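Here are the chains, one letter per residue:
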Amino acid sequence: MAGQPRTFTVLSREWCHLCHDLVAALEPIAKEYGWAIEVIDIDQHPELEERWDELVPVVLVGDMELCHYHLDEAAVRARCEAA
């Protein structure tokens, strides 16, 4: 991952309280490690909705899923440390 942007992608829905909670929990970890967060509303992207529909929120780094439904802080921190 060297040289690549360090970005968490959160697949979300605007009306999803779990999504908002996950982003709020991820923000301080991302800040601690200097990572960005990109939130994508899957309802605006049919191809993402088809793949991830019932799993949101989902945290991805590139194509790798770190967690869904709730933040897996250990998995997120391990990915940050590995980068």
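What counts and how
- Just so you know, the residues in each chain are numbered from 1, in the order the chain's sequence is written.
- Note on the predicted model: pLDDT of at least 70 is required for a residue's local features to be given, and 80 or more for side-chain atom pairs to be given and counted; whole-chain, interface and lining totals, by contrast, use all residues.
- With hydrogens and water stripped out, all remaining heavy atoms of the structure feed into the side-chain values.
- For this analysis, a salt bridge means a side-chain nitrogen from Lys or Arg found within 4 Å of a carboxyl oxygen belonging to Asp or Glu.
- Going along the chain from the N terminus, every DSSP run of H or I of four or more residues is numbered as a helix, and every run of E of two or more is numbered as a strand.
- Each residue is assigned to one of three classes by its accessible area relative to the maximum for its type, calculated with a 1.4 Å probe on protein chains only: buried under 20%, partly exposed between the two thresholds, exposed over 50%.
- To qualify as a nonpolar core, a set must consist of buried Ala, Val, Leu, Ile, Met, Phe, Trp, Tyr and Cys residues joined through side-chain atoms within 4.5 Å.
- In what follows, residue pairs with any heavy atoms lying within 4.5 Å of each other are defined as contacts.

> How should the pattern of salt bridges be read in this particular structure?
Working definition: two side chains of opposite charge can pair if their charged atoms are close together. All chains considered together, the criterion is met by 5 salt bridges. Measuring nitrogen to oxygen at the nearest pair gives 2.8 Å for the salt bridge that ties Arg13 to Asp43. Placement of the pair is Arg13 in the loop between β1 (7-12) and α1 (17-33) and Asp43 in the loop between β2 (36-41) and α2 (46-52), with a sequence separation of 30 residues. For the salt bridge of Asp53 with Arg13, the shortest nitrogen-to-oxygen distance reads 2.5 Å. In this pair, Asp53 is assigned in the loop between α2 and β3 (58-61) and Arg13 in the loop between β1 and α1, connecting sequence segments 40 residues apart. You can call Arg13 buried: its relative accessible area is 6%. Put simply, Arg13, Asp43, Glu49 and Asp53 are held in one network by salt bridges that share partners.

> I would appreciate a short explanation of the nonpolar core in the present structure.
Nonpolar side chains in soluble globular proteins tend to be buried together. Ranked by size, the top nonpolar core spans 14 residues in total, and within it Phe8, Val10, Leu26, Trp35, Val59, Leu66 and Val76 carry the most contacts. Residue assignment for this core shows that the elements contributing at least two residues are β1, α1, β3, β4 (64-68) and α3 (73-82). Considering each element in turn, this core owes the most residues, 5 residues, to α1. Excluding anything up to four places from it in sequence, Leu66 contacts Phe8, Val59, Val61, Asp72, Ala75, Val76 and Arg79. Ranked by size, the runner-up nonpolar core spans 9 residues in total, among them Leu11, Cys16, Cys19 and Ile42.

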